[in-house]
Amino acid sequence: MLFKKKQAADKAVVQNAATTLFANIKFADVDNPIRSMVVTSSIPNEGKTTVTVDLARAIAASGARVLLVECDMRRRSLANELGVHGRSGLYSVLADQVALQHAVVPTAVQNMYFLDAEPGIPNPADILSSKRFKRFAHDLKSVYDYVIFDTPPVGTFVDAAIASVAVDGVVLVVRDDFTKRSEVAAAHEQLAKAGGHIIGVVLNGCEVETSEYYYAYYSKDGKRVKKNNKASAVTASAASVPQSPRGQGAPVRSVAAHQGFDRTAMPAARGQVASGKNRPR
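Residues numbered from 1 in each chain as written. Predicted model: local features only at pLDDT ≥ 70, side-chain atom pairs only at ≥ 80, totals over all residues. Heavy atoms only, no water.

### Quick notes on the overall build of the protein
How we decide: The helix count covers DSSP runs of H or I at least four residues long, the strand count covers runs of E at least two residues long, and both are numbered beginning at the N terminus. The buried label applies to any residue whose accessible area, calculated with a 1.4 Å probe on protein chains only, is under 20% of its type's maximum; exposed applies above 50%, and partly exposed to all values in between. Every accessible area reported is derived by Shrake-Rupley at a probe size of 1.4 Å, with residue values counting cover from the shown protein chains alone.
Helix and strand content of the protein: 10 helices and 11 strands. Scored against the burial criterion, the 281 residues of the protein give a buried share of 53%. For the protein, the computed accessible surface area is about 12800 Å², with 50% contributed by carbon and sulfur atoms.

### Brief notes about the layout of surface pockets
Where we set the bar: Only protein atoms enter the calculation, which uses a 1 Å grid: trapped sets of points that fit a 1.4 Å probe without letting it out are cavities, open sets showing protein on both sides within 12 Å along at least five of seven lines are pockets, and any residue with an atom within 4 Å of a point is a lining residue. Grid points are joined across faces, edges and corners, and a volume is the space filled by probe spheres set on the points. Lys, Arg, Asp and Glu make up the charged group, whereas Ala, Val, Leu, Ile, Met, Phe, Trp, Tyr, Cys and Pro make up the nonpolar group; the residues left over, Gly among them, are polar.
If you add up the space inside the second largest pocket, you get close to 180 Å³. Together, Val93, Leu94, Asp96, Val98, Ala99, Leu100, Arg132, Arg135, Phe136, Asp139, Leu140 and Val143 line the second largest pocket. Residue assignment for the lining of the second largest pocket shows that the elements contributing at least two residues are α4 (90-94) and α7 (131-140). Of all the elements, α7 adds the most residues to the lining of the second largest pocket, at five residues. A breakdown of the residues in the lining of the second largest pocket according to their chemical character gives eight nonpolar, no polar and four charged.

### Focus: the pattern of salt bridges
Opposite charge on two side chains lets them pair, provided their charged atoms get close. Here is the rule we go by: What makes a salt bridge here is a side-chain nitrogen of Lys or Arg within 4 Å of a carboxyl oxygen of Asp or Glu, nothing more.
Counted according to the given criterion, the structure contains eight salt bridges. Here aspartate 159 and arginine 74 are joined by a salt bridge, their closest N and O atoms 2.5 Å apart. Of the two residues, aspartate 159 sits in helix α8 (residues 159-164) while arginine 74 sits in the loop between β2 (66-70) and α3 (78-82), which places them 85 residues apart along the sequence. Its relative accessible area of 0% is what places aspartate 159 among the buried residues. A salt bridge links aspartate 96 to arginine 132; its shortest N-O distance comes to 2.9 Å. Here aspartate 96 is found in the loop between α4 and α5 (100-103), whereas its partner arginine 132 is found in helix α7, with 36 residues between them in sequence. Taken together, the shared-partner salt bridges in this structure form one network comprising Lys48, Asp72 and Asp150.

### Brief notes about the packing of aromatic side chains
Test applied: Centres within 6.5 Å are what make two rings of Phe, Tyr or Trp a pair, Trp counting through its six-membered ring; a difference in plane orientation under 30 degrees is then read as stacked, over 60 as edge-to-face, and the rest as tilted.
Enumeration according to the criterion identifies four aromatic pairs in this entry. Ring centres of phenylalanine 22 and tyrosine 146 lie 5.2 Å apart, and the angle between their planes is 85 degrees; on these two criteria the pair is classed as edge-to-face. Here phenylalanine 22, found in helix α1 (residues 2-26), pairs with tyrosine 146, found in strand β5 (residues 146-150); they are 124 residues apart in sequence, far enough to count as distant. A relative accessible area of 13% means that tyrosine 146 is categorised as buried. Judged by centre distance (5.8 Å) and plane angle (50 degrees), the rings of tyrosine 113 and tyrosine 144 are tilted.

### What to know about unusual backbone geometry
A negative phi angle characterises most non-glycine residues, just as the trans form characterises most peptide bonds. Positive phi values are uncommon outside glycine, yet aspartate 96 reaches one of about 60 degrees. Phi angles above zero are rare outside glycine, and asparagine 111 is one such case at about 75 degrees. Following the sequence through the fold, asparagine 111 ends up in the loop between β3 (105-106) and β4 (112-115).

### What to know about the environment of leucine 90
Within the element layout of this structure, leucine 90 appears in helix α4. Along the sequence, leucine 90 and cysteine 71 sit 19 residues apart, while their C-alpha atoms lie 8.2 Å from each other.

### Quick notes on the pairing of β4
The condition that has to hold: Here a strand pair is declared whenever DSSP counts at least two bridges between the two strands.
When β2 meets β4, the two strands line up parallel, connected through four bridges. Following the sheet pairing, leucine 68 is matched in β4 by phenylalanine 114. As paired elements, β3 and β4 share two bridges and run antiparallel to each other. Bridge pairing links valine 105 to phenylalanine 114 in β4. Hairpin geometry of β3 and β4 is characterised by an intervening segment of five residues between the two adjacent antiparallel strands and by a positive phi of about 75 degrees at asparagine 111.

Spelled out as structure tokens, the structure:
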């Protein structure tokens, strides 16, 4: 019984975290609303796909139609995460071989849809840099309220940086106590040089209280105010910054400061991805 109660509490934390992340994205740029976005990470195994799916579920729960697009053409993982597979994918749509409505498949979540990518697509970077893809990314917003592109880690492949110029904003996922400061700073710099609009950072795998209070607060010197009950969690605020990732390099706080976020004044909402440790993807 206690285990079931903990699972229910963890699920509530996830939902609240994802909802808060969605709210932060909506208010990230009031004059130019963020409706299409790239989700990426600095390096592999930071949990970007898990964050992508949780965010999409939060958007769908609000009543908005959201499309998830698989843009990690080298290591496709969204289909397995969602448990759905389409006969056609991104390349077929871009090549005008299949109409968009025939390639997109519904998921188990109402208002959430999925466009997969075919296996073995050659030269993904060339496809993402094409005028056809940019036009495609823009046209999707006339069909769906929100579009999320799941891309490879920006520190591994250039795909995310290239795709970032075709969307309204970029969300960078950082895994707590896993990613080096220098890796996060390098990823931020690459995205900025490409011209991507970086909304902020999602801190994944951090500790969080599992109670009715789903928020962690920071003191004036930037230290987190801790409480007793904790669990492995994903930060759901696009304004959040890793507290103390391993490694050297430029301060990670500059990633959020670049967008004008102040973590000392703004609570960072966090949420549990799953019981125990979250499954990085």
